[in-house]
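# Overview (structure and organization)
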Amino acid sequence: TKIVSGSRDFTIRVWNLLTGASLQSLSVHGAPVQKLSLSSDGTKFLSASADSSVGIWDAATFTLEKRLTTSDTAISNAIFSPDGTQVVCAFENGLISVLEISSG
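I will try to describe carefully the structure that is included in this document. (Residues numbered from 1 in each chain as written. Predicted model: local features only at pLDDT ≥ 70, side-chain atom pairs only at ≥ 80, totals over all residues. Heavy atoms only, no water.)

### Describing the nonpolar core
Of all hydrophobic cores here, the largest spans 13 residues; its most connected members are Leu46, Val54, Ile56, Val87 and Cys89. Every element with two or more residues in this core is listed here: β5 (44-49), β6 (53-58), β8 (75-80) and β9 (86-91). The contact partners of Cys89, leaving out residues within four places of it in the chain, are Val54, Ile75, Asn77, Ala78, Leu95, Ile96, Ser97 and Leu99. One finds Ile12, Leu26, Val33 and Trp57 within the second-largest nonpolar core, a separate group that totals eight residues. (Core = buried A, V, L, I, M, F, W, Y, C linked by side-chain atoms within 4.5 Å. Buried < 20%, exposed > 50% of the residue type's maximum accessible area, 1.4 Å probe, protein only. Helix = DSSP H or I, 4+ residues; strand = E, 2+ residues; numbered from the N terminus. Contact = heavy atoms within 4.5 Å.)

### Things to note about the pairing of strand β10 (residues 96-100)
Look at any regular strand and the pattern is simple: side chains alternate between the two faces of the sheet. By the bridge criterion, five bridges tie β9 to β10 in an arrangement that is antiparallel. The residue of β10 that forms the bridge with Val88 is Val98. (Pairing = 2+ DSSP bridges.)

### Thoughts on the pattern of salt bridges
Across all of its chains, the model carries three salt bridges by this definition. Here Asp9 makes a salt bridge to Arg13, at a shortest N to O gap of 3.1 Å. Residue classification places Asp9 among the partly exposed residues on the basis of a relative accessible area of 39%. Overall, Arg13 belongs to the partly exposed group, its relative accessible area being 25%. Here Lys44 makes a salt bridge to Glu65, at a shortest N to O gap of 2.9 Å. Residue Lys44 is located in strand β5, and its partner Glu65 is located in strand β7 (residues 64-69); the two are separated by 21 residues in the primary sequence. (Salt bridge = Lys/Arg side-chain N within 4 Å of Asp/Glu carboxyl O.)

Right, dumping it as structure tokens:
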């Protein structure tokens, strides 16, 4: 069983839940990873960063499928929409934005 964690060192780490061993380090962001969120169907996860970007990842292979960029403001929180076609982002300045995954 594997889990993922986001870090202030700009990486996402894949861990073996049973042994605690770090299995993989994923790098796509240029600032701390603020949030990880799993899609409702469990096939994807997102990583949101203070660098104003969102990574969309395959949850089985841990490969980056898409990188979405937003404004110049750091993202503090993000989630998938229930149908998995959008990402809702909350920014440190208090604003909220909806990103279309297909057009990003």
